[in-house]
Amino acid sequence: MEYINIILMTLIPLFSAPIYDSIERKIKAAIQSRIGPIGFPRSFLQSWFDIIKLFNKELVLTSYGVSLITILELILILITMIILQIALLTSQLYWIISLLITFLSTSTAFSLFRAILLDNPFSSIGAFRGFYITLTVEGFFLSSLIIMLLIDVSIISRILLFCVIAISCYVVGSKVPFDIAEAEPEIASGVYVELSGPLLAIALYSLQIKRYILAQILSYSLLKLINTSNTSVTALMTVLLTPIIWMIFGIVSAIFARTRVDVGPSTLLKVVLILMLLIIATLTVKVV
Amino acid sequence: MSSGIIKEIEKKVLELEGLIESITKTTIFTEIPKKNIKDFAKWLYESGAFLKTCAGVDERIISSKLALYYIFGLDEKGLDVVVKISGFEREALPSIVDVIPGVEWCELEARDLVGLYILGHEDKPRLVLPQDWPEDAYPLRKDVPHNYRPQINVEKFSEELPREVGLPIGPYHPILHEPEYFELYVEGERVVDVYYRGFHVHRGIEKLGESQRFTYKTIPFLAERICGICGFVHSSCYVLAVEKAAGINVPERAEFIRSILLEIERIHSHLLWLGVVAHILGYDAGFMHMWRIREPVMVLAELLTGSRKTYGINIIGGVRRDIDEVKKLKALKVLRSVREEFKRFIDVFISIPEIVKRTTGTGILPRDIARALSVVGPTARGSGLKRDVRKDYPYFAYKYASFKIPVYTEGDNLARLLVRVDEVFESISIIEQLLDMLPKGPIAVESYEIPRLKKAVAAVEAPRGEDVHFIITGLDRPYRWKVRAPTYQNIPALRVMLKDAPLADAFLTIVSIDPCFSCTDRVLMVCDVKSNSKRFMSLFEGRKYAVK
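Residues numbered from 1 in each chain as written. Chains lettered and ligands numbered in written order. Predicted model: local features only at pLDDT ≥ 70, side-chain atom pairs only at ≥ 80, totals over all residues.

**Notes on the overall build of chain B**
Piece 1. A tally of regular secondary structure across chain B gives 20 helices and 17 strands.
Piece 2. A compact globule built from 548 residues would reach a C-alpha radius of gyration of about 24 Å, and chain B, at 23 Å, matches this within 12%.
Piece 3. A principal-axis box enclosing the C-alpha atoms of chain B has dimensions of 60 × 60 × 50 Å.
Piece 4. A burial count over chain B gives 53% of its 548 residues as buried.
Piece 5. Looking at chain B alone, contacts between residues at least 24 apart form 68% of all its contacts between residues at least 6 apart. (Helix = DSSP H or I, 4+ residues; strand = E, 2+ residues; numbered from the N terminus. Rg over C-alpha atoms; globule rule 2.2 N^0.38 Å. Buried ≥ 20, exposed ≤ 12 C-beta atoms within 10 Å, placed from the backbone. Contact = placed C-beta atoms within 7 Å.)

**As for the nonpolar core**
Residue and element names in this part refer to chain B.
Piece 1. By size, the foremost hydrophobic cluster in this structure holds 242 residues, and its most contacted members are Tyr 69, Phe 72, Val 81, Ala 241 and Val 460.
Piece 2. Lining this core are residues from two domains, each supplying at least three of them: domain 1 (3–118) and domain 2 (219–450).
Piece 3. Not counting the four nearest positions on each side in its chain, Ala 241 is found in contact with Ala 456, Val 457, Ala 458, His 469, Phe 470 and Ile 471. (Core = buried A, V, L, I, M, F, W, Y, C linked by C-beta atoms within 7 Å. Domains from an automatic or database assignment.)

**Here's the deal with the packing of helix H2 (residues 40–55) of chain A against helix H7 (residues 197–225) of chain A**
All names here are of chain A.
Piece 1. Taken N-terminus to C-terminus, the directions of H2 and H7 make an angle of 150°; their axes are 7 Å apart at the nearest point. In this view, H2 runs roughly antiparallel relative to H7, as classed from their interaxial angle. Note on element contacts: H7 touches H2 through Gly 197, Pro 198, Leu 200, Ala 201, Leu 204, Tyr 205 and Gln 208, opposite Ser 47, Ile 51, Leu 54 and Phe 55.
Piece 2. Classifying every residue of the contact of H2 with H7 gives eight nonpolar, three polar and no charged. (Axes fitted to C-alpha atoms, helices over the stretch in contact; angles between N-to-C directions. Parallel < 35°, antiparallel > 145°, perpendicular 65-115°, else oblique. Nonpolar A, V, L, I, M, F, W, Y, C, P; charged D, E, K, R; others polar.)

**A look at the interface of chain A and chain B**
Piece 1. The interface of chain A with chain B comprises 23 residues on the first partner and 25 residues on the second.
Piece 2. Split by residue class, the side of chain A that touches chain B holds 13 nonpolar, three polar and seven charged.

**A word on unusual backbone geometry**
Piece 1. Here the bond from A:Val176 into A:Pro177 is cis, since omega is 10°, no more than 30 degrees from zero.
Piece 2. Mapped onto the fold, A:Pro177 is located in the loop between helix H6 (155–172) and H7.
Piece 3. If you check the backbone angles, B:Asp514 has positive phi at about 50° while not being a glycine.
Piece 4. Locating B:Asp514 in the fold gives a position in the loop between helix H18 (506–512) and helix H19 (517–520).

**Some words on the environment of B:Arg126**
Piece 1. Looking at the secondary structure, you find B:Arg126 in the loop between strand E7 (117–118) and strand E8 (167–169).
Piece 2. As a C-alpha pair, B:Arg126 and B:Arg111 span 15 residues in sequence and 8.6 Å in three-dimensional space.

**Some words on the pairing of strand E13 (residues 455–462) of chain B**
Residues and elements named next belong to chain B.
Piece 1. Counting buried residues in E13 gives eight out of eight residues, a clear majority hidden from the surface.
Piece 2. Residues Lys 455, Val 457, Ala 459 and Glu 461 of E13 are buried on one face, and the alternating residues Ala 456, Ala 458, Val 460 and Ala 462, pointing to the opposite face, are buried as well.
Piece 3. Two elements, E13 and strand E14 (residues 465–473), share eight bridges in a ladder whose sense is antiparallel. Counted as the bridge partner of Ala 462 is Gly 465 from E14. (Pairing = 2+ DSSP bridges.)

**Overview of the sheet that holds strand E10 (residues 190–197) of chain B**
Strand pairing in a sheet relies on backbone hydrogen bonds, with the paired strands running either antiparallel or parallel.
All names here are of chain B.
Piece 1. Here three strands make up an open sheet; going across it, the order is E8-E9-E10 and the pairing antiparallel. Two strands close off the open sheet at either side, each with one partner strand: E8 and E10. Across the sheet, the mean angle separating the axes of adjacent strands is 25° when strand polarity is ignored.
Piece 2. Of the pairings in the sheet, the one linking strand E9 (residues 181–187) to E10 comprises seven bridges and is antiparallel in character. Note on E10: the bridge partner recorded for Phe 182 is Tyr 196.

**Some points on the sheet that holds strand E3 (residues 50–59) of chain B**
Residues and elements named next belong to chain B.
Piece 1. Sheet architecture is open: five strands sit in the order E1-E2-E5-E4-E3, paired in mixed fashion. The outermost strands of the open sheet, each flanked by one partner alone, are strand E1 (19–23) and E3. The average angle at which neighbouring strand axes cross in this sheet is 20°, direction not considered.
Piece 2. Across four bridges, E1 lies against strand E2 (residues 27–31) in antiparallel orientation. Within E2, the residue paired with Ile 20 across the bridge is Thr 30.
Piece 3. Contacting strand E4 (65–74) and strand E5 (79–87), helix H2 (residues 37–46) runs over the sheet at an angle of about 170° to E5.
Piece 4. Along the sheet, helix H4 (residues 104–114) contacts E3 and E4; its crossing angle with E3, the most-contacted strand, is approximately 15°.

**Looking at the pairing of E2(B)**
In the case of a regular strand, side chains alternate between the two sheet surfaces.
Residues and elements named next belong to chain B.
Piece 1. The buried count for E2 comes to four of five residues, which makes it a mostly enclosed element.
Piece 2. Counting the residues in the hairpin turn of E1 and E2 gives three residues.
Piece 3. Relative to E5, E2 runs parallel, the two being bridged by five bridges. Bridged to Thr 30 within E5 is Val 83.

**Describing the packing of helix H1 (residues 2–31) of chain A against helix H8 (residues 231–254) of chain A**
Residues and elements named next belong to chain A.
Piece 1. The geometry of H1 relative to H8 is characterised by a closest axis approach of 9 Å and an angle of 30° between their N-to-C directions. By the angle class used here, H1 and H8 are roughly parallel. Between H1 and H8 lies a crossing of right-handed hand. Across the interface between the two elements, Met 9, Ile 12, Tyr 20, Ile 23, Glu 24, Ile 27, Lys 28 and Ile 31 from H1 touch Ala 235, Val 239, Pro 243, Trp 246, Met 247, Gly 250, Ile 251 and Ala 254 from H8.
Piece 2. Classifying every residue of the contact of H1 with H8 by side-chain character gives 13 nonpolar, one polar and two charged. (Left-handed = near helix turned anticlockwise from the far one by under 90°.)

**Digging into the domain arrangement of chain B**
All names here are of chain B.
Piece 1. Each assigned domain of chain B is listed here: domain 1 (3–118) and domain 2 (219–450).
Piece 2. Each of domain 1 and domain 2 has a C-alpha centre, and the two are 30 Å apart.
Piece 3. Residue composition of the side of domain 1 that touches domain 2, by class: three nonpolar, three polar and one charged.

**Let's talk about helix H9 (residues 284–305) of chain B**
Residue and element names in this part refer to chain B.
Piece 1. Over its 22 residues, H9 extends 31 Å from the first C-alpha to the last, a length consistent with the 32 Å expected when each residue adds 1.5 Å.
Piece 2. Its axis deflected by about 25° at Arg 294, H9 carries its strongest bend there, up to four residues before the proline Pro 296.
Piece 3. Taken from the residues just after H9, Gly 306 is the one with a positive phi, measuring 95°. (Expected span 1.5 Å × (residues − 1). Bend = angle between axes of the 7 residues up to and from the residue.)

**Some remarks on the confidence of the model for chain A**
Piece 1. When pLDDT is averaged along chain A, the result is 86; 96% of the residues meet or exceed 70.
Piece 2. Within chain A, helix H4 (residues 94–117) of chain A has the poorest average pLDDT of any element, 78, and H6(A) the best, 93. (pLDDT = per-residue confidence, 0-100.)

**What about helix H5 (residues 121–150) of chain A?**
Piece 1. Helix length check: H5(A), at 30 residues, gives a terminal C-alpha distance of 42 Å against a target of 44 Å (1.5 Å per residue), a fit within 8%.
Piece 2. Along H5(A), the sharpest kink reaches roughly 35°, centred on A:Glu138.

Set out below in structure tokens:
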């Protein structure tokens, strides 16, 4: 039964990530006073249509390494996603959590390696910008996640940890204003500049799965915050909360403008540092 | 216009052994010996004059000479001063670039297109023509037909490409809506130097206007196609120049209609620009809402002219379409709603922290450099220069309207943004005032005569700044028609604005001058005679010939 659950939980993100992305686009369109994807199926499936269309486009390869790394990136993301589903269903396994953290960080780093290895100034600049942003939050994100998932702390600490995780999930998901690695106009798609056709489709699909994983982690953290202990209820609630978190992220991104490369990471670091200091303070108080 | 300044100019011209050709209501035409041009230009500049442009003219049919006309504007006096120097073919003419840096481009253009030999520019690469354009083929000379297609030396295309490449932006780049080439040299995320190569989309409009294919009556429609955003400005400026040269008194009602449409064009252009800025800054909600607010303005233009863009209603001596009472009431209703919606949204727009942070203190153009380069429009007004042709040289019906010229002294991207925001409100107010005062009467003169070899300078305040047209009348069509779009005057300032600024703000800074490359560019399409294919210059050719 557990295996069936894991398979089901694994299949859901594979299909639903592009669907959530399509719904987010429709919601953003409404906020921006435009129509967005037209018609019932397209409102829900536009991102799938885009991926299929990109797969049918010509593939222009600048180097074989790019395609290899892009495919590996997707594989790593998928492994991370499967581990997350196992972690949700068997939350007591410490080694699963460790594995999740390892793969989560590796897959994030991998996508940036792909961009930095390319002999393209737009891609390199984008990758470095991605590094600034990722390095700012990654350490705090993973440590907060470990504490949240594995240690029993006070409600105040949990709230603060949840804030760090929420901010990090939003930032690592490359949403406005933190999409400086690919969306700043002068770098012409930045980390995606060398990708075309099927490779671009794979990269975009990886990003959507990654966003699903991050939304799911935040949903799970929310349930941890309110101390839900039943594993199967937690798994079900996580699946239901994930699209809500995704849409909230989408709405937030629609009301922001993009941050400045030098200002964004430093402001972010200040905010996360303050939160982390408060977390340490609350943990110390509890120990004393 | 004060007679005091005219006397002063007359005195100076005589002192420098020059002569006054003619004096009209708004312009003094002078000819100065070439040896004294620097002194006269310096004196004019120190008297507060801005350089408007310069135009090379092939006058060999008239006087066996090639001439260069420098056009200066004494904004505070509302007076244009046109200074002519001339020389025989291959005779050297002095450059005034060391006195007025902003003159460099138009002198290079005169060298490229008319073949003037201007001292100090000998070693500079071509600005306007491609490097493989044949020597001694000058497109704006009268003996060169408008459909001239030279033989190109294709071997030159394969010359070794430069080894060092900065961060290329253009000629085709997602952020550029028209082909243009910038190369940014960066240290980390900071721009340390900039190279620019433009003039990729030259359509030979001046030459066409002077050719047999066009006449005075049809040129307004050609002029309107210079730009896809502010085309009406160009047709208005052209007809104004011809009307000034020919002394045509345009009916007041037509002048009101022209002013109203010019302001409608300004509103839609500024709203378009604000939307683009929002998009560049990643605030797509702002982009969409700004363009939503702009849409009724486009519909209003269609109501008044029959077209959303490229109105086509300007004719010499008036306009082709009237505004009746029903249209007037509808227009007032639309303007009320646009003002309300814009007010509501712009308050949100300029309170978004990222927008304020990214525009404040970036792309700074100091006032003194703005003055030296004679920049125009919101770029000048954002750097503390109170320049606006509508006030300085009142034309059409602007003298009847009460409006302010927004000026900010910071010189950064935010200052230029705020100038445009304020101008939207001012333009709405101007249209409301003019619609209320719209006089009765005809909308065009019944007949007119255009004498030959009359000169005139016309300037119209476009959304991007002062648009200048210089005309020497000919038989049935202009003998010489020079167009100087506002972006032409503003682009050289970008080098100052981009240098030592964050790379991420570079494009915002480029956009902050609201560049319009189709107005500005003049490079010719290259025809490969071997393959009989046509092409534009490539990215690397552009870089190779970049003007430092």
